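The residues making up each chain are set out below.
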Amino acid sequence: MDKAREVALKILYKIEKENAYSNILLNDVINKNKIEKGLNKKEKDKREKDKREKDKKGLNNKDISLISEIVYGVTTWRLTLDEIIKKYSKIRIKKISPWILNILRLSIYQIVFLDKIPKSAAVNEGVNLAKKYGNKGSVGYVNAILRKVDKDEERNILDNIKLNNNNNNNNDNDNNNNYNMKDLETISKCTSMPMWIIEELKNDGLDNNKILDICMNSNIRPNVSIRVNNLKTNRDKLKDILINENVKIKKDGILDDFIILDKVNGIESLESFKKGFFTVQDEVAGLPAIILGPKQNEKILDSCSSPGGKTTYIAELMENNGEILAFDIHEHRVKLVEENAKRLGINNIKTKVEDASIYKEEYKEKFDKILLDVPCLGIGVLKRKPDIKWQKKREDIEEIQKLQMEILNTCSKYLKIGGELVYSTCSIFKKENRFLIEDFLSENKNFKLVNLKDIIKKKINNKFFLDYLKNENFLEVYQNENTDGFFICKLVKCG
Ligand SMILES: C[S@@+](CC[C@H](N)C(=O)[O-])C[C@H]1O[C@@H](n2cnc3c(N)ncnc32)[C@H](O)[C@@H]1O
């Protein structure tokens, strides 16, 4: 039996049964089987050969790529794959054993989505897995379903969704919110997006085309985007260093400090990463630090800082001067901030394990600027973390909103008069973002919104983000082909 597919099956089973995160499980596999970077091809081949001989069950790079592809793909497309299973199965999804269900999902994913794998190979490997993880009956059942799945038919349905949606929208009176429920259900089934997320977006006032766009952009492979550490190097120098490490550069980022790379396996094993020349970060996640606009002599609080992607950018923008206090509620996560700061050569960050929702008198009006990158549902980063679609529920919105408001209420008291606060999330629901800020402002008349258009125009040499500005005060970025989804706004304390 093919080892890669069996490992993929075990990971998928764990994700579903134990609510485990796919990226963590995949990293475990990659780290256990890592072939060190920096070796030349001959050395790598020898290392790999030795490894295979030592442990016949060892996985090579090709196996790891297939495992990542299957785990990521099945997790992303789970709902659509289940729709295909429903079409051919007499047994209801809920009644199928989790092992067999995941064997069906991973085999159908290969048949429908992976062009390089012949259908016969996907079917045979699926049947082999069923022999080990099922019983006699389930082997015949898996075999019968997989043989019936028709790649062309399924691709046709998925590829036509955009066209169908455009046609349907012509008859759809979105202004009156009189939309056809069936359209949204089709979008859900064809883009593997849970209906509750689609309904939330509809309630936020988005039209069907925009929702479809968001759903489709939640399924694409994210950019590999890195932020140059200007304390140690600069963008041009880093590009040369990366090229010497055989990394392919795709293009410069939208933001001056960013570079977009071609797919890199094991980016964290590159010497340039270990030496702290860059941080892996989506471009939109770099924006809160730029919009905060920290100055060299200021005292800054980052209330929810781990793993430190934004804290370290603030430190770099301050050229390692001033003072940054970085809170996180979890001790093990605070350590991540410390490790990242050390790797990047930053020494103006102090960390503290602290619950940012609980008021402490000692911090009252102590900070010139505050970043609140609060915990959120993460609906903007689905292309990186597809598991979120299956782990979060509609009911979670209320709970997270409560925590976000508590953190905002508490930390706003830590701001000096005249100080500025940036609130950001990697979620796209208005309840976690704009509505929450509007509620806060109605209770706290001493805070005012800052116009982001002026800041973005002045600090960013690109029009890209201006398109996502609402009323010049709220930056509502929905996931798109360049970046994740994100929300940012800035408040000033007037009295
Ligand atoms: C969105 S993440 C922050 C990402 C970080 N700003 C970055 O750019 O790398 C939210 C963080 O908030 C932390 N957190 C959750 N509840 C908290 C609380 N009550 N007080 C402080 N930190 C909290 C989580 O542990 C998590 O690390």
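For the structure, see preceding data.
Residues numbered from 1 in each chain as written. Predicted model: local features only at pLDDT ≥ 70, side-chain atom pairs only at ≥ 80, totals over all residues. Heavy atoms only, no water.

### Quick look at the overall build of the protein chain
Here is the rule we go by: Secondary structure follows DSSP: runs of H or I at least 4 residues long count as helices, runs of E at least 2 residues long count as strands, and numbering of each begins at the N terminus. Atoms counted for the radius of gyration: C-alpha only. Globule rule: 2.2 Å times the number of residues to the power 0.38. By definition, residues are in contact when any of their heavy atoms lie within 4.5 Å. All accessible-area figures derive from a Shrake-Rupley calculation using a 1.4 Å probe, and residue coverage is judged against the displayed protein chains alone. Under this rule, positive means Lys or Arg and negative means Asp or Glu; His and the chain ends count for nothing. Charge positions are represented by NZ for Lys, CZ for Arg, CG for Asp and CD for Glu.
The helix and strand inventory of the protein chain stands at 22 helices and 13 strands. Relative to the globule expectation of 23 Å for 495 residues, the C-alpha radius of gyration of the protein chain, 24 Å, shows essentially globular dimensions. Along the longest, intermediate and shortest principal axes, the C-alpha atoms of the protein chain span 75 × 65 × 40 Å. In the protein chain, once contacts between residues fewer than 6 apart in sequence are set aside, the share between residues at least 24 apart is 74%. Counting only carbon and sulfur atoms, one obtains 47% of the accessible surface of the protein chain, whose full area is about 23,500 Å². Separation between the mean location of the 90 positive side-chain charges and that of the 76 negative ones in the protein chain comes to 4 Å.

### Remarks on the pattern of salt bridges
Here is the rule we go by: Criterion for a salt bridge: a side-chain nitrogen of Lys or Arg within 4 Å of a carboxyl oxygen of Asp or Glu. Exposure classes here rest on a 1.4 Å probe applied to the protein chains alone. A residue is buried below 20% of its type maximum, exposed above 50%, and partly exposed in between.
For the structure shown, the criterion picks out 31 salt bridges. Here Asp213 and Lys210 are joined by a salt bridge, their closest N and O atoms 3.8 Å apart. Of this pair, Asp213 and Lys210 both sit in helix H13 (residues 208-217), three residues apart, which is roughly one turn of that helix. Assessed through its relative accessible area of 28%, Asp213 is described here as partly exposed. With a closest N to O distance of 3.1 Å, Arg434 and Glu476 form a salt bridge. Within this pair, whereas Arg434 is found in helix H21 (residues 434-443), its partner Glu476 is found in strand E12 (residues 474-477), the two being separated by 42 residues in sequence. Across this residue pair, the class does not change: Arg434 and Glu476 are buried.

### Thoughts on the packing of helix H5 (residues 78-88) against helix H6 (residues 98-113)
Our working rule: Comment: axis = line fitted to C-alpha atoms, over the contacting stretch for helices; angle = value between 0 and 180 degrees taken between N-to-C directions. An angle counts as roughly parallel when it lies under 35 degrees, as roughly antiparallel when it exceeds 145, as roughly perpendicular when it falls between 65 and 115, and as oblique in every other case. Under this grouping Gly is polar, as are all residues other than the nonpolar Ala, Val, Leu, Ile, Met, Phe, Trp, Tyr, Cys and Pro and the charged Asp, Glu, Lys and Arg.
Where H5 contacts H6, the two axes come as close as 10 Å, and the packing angle between them is 100 degrees. In terms of orientation, H5 lies roughly perpendicular with respect to H6. Across the interface between the two elements, Arg78, Leu81, Asp82, Ile84 and Ile85 of H5 pack against Leu101, Leu104, Arg105, Ile108, Tyr109, Val112 and Phe113 of H6. Residues that form the contact of H5 with H6 fall into these classes: nine nonpolar, no polar and three charged.

### Let's talk about the packing of aromatic side chains
Filter applied, for reference: Pairing of aromatic rings covers Phe, Tyr and Trp, the last counted by its six-membered ring, and requires centre-to-centre distances within 6.5 Å; plane angles under 30 degrees mean stacked, over 60 mean edge-to-face, and any other angle means tilted. Working rule: Lys NZ or Arg CZ, within 6 Å of ring centre, within 35 degrees of ring normal, means a charge sits over the ring.
For the structure shown, the criterion picks out 16 aromatic pairs. Both rings, one in Tyr423 and one in Phe487, keep their centres 6.3 Å apart while their planes meet at 70 degrees; by these two values the pair is edge-to-face. Remark: Phe487 occurs in strand E13 (residues 486-493) and Tyr423 occurs in strand E9 (residues 415-425); sequence separation between them is 64 residues. Classification of Phe487 by relative accessible area gives buried; the value is 1%. The lysine or arginine in question, Lys299, covers the ring of Phe367, its NZ or CZ lying 5.5 Å from the ring centre.

### Here we look at the site of the ligand
Inclusion rule: In this text, near means that some heavy atom of the residue lies within 4 Å of the molecule or strand in question.
The environment of the ligand is formed by 18 residues, the closest being Lys310, Asp328, Arg333, Asp355 and Asp373. Contact with the protein chains removes 86% of the 600 Å² of surface that the ligand exposes when unbound. Class assignment for the residues of the shell around the ligand results in six nonpolar, six polar and six charged.

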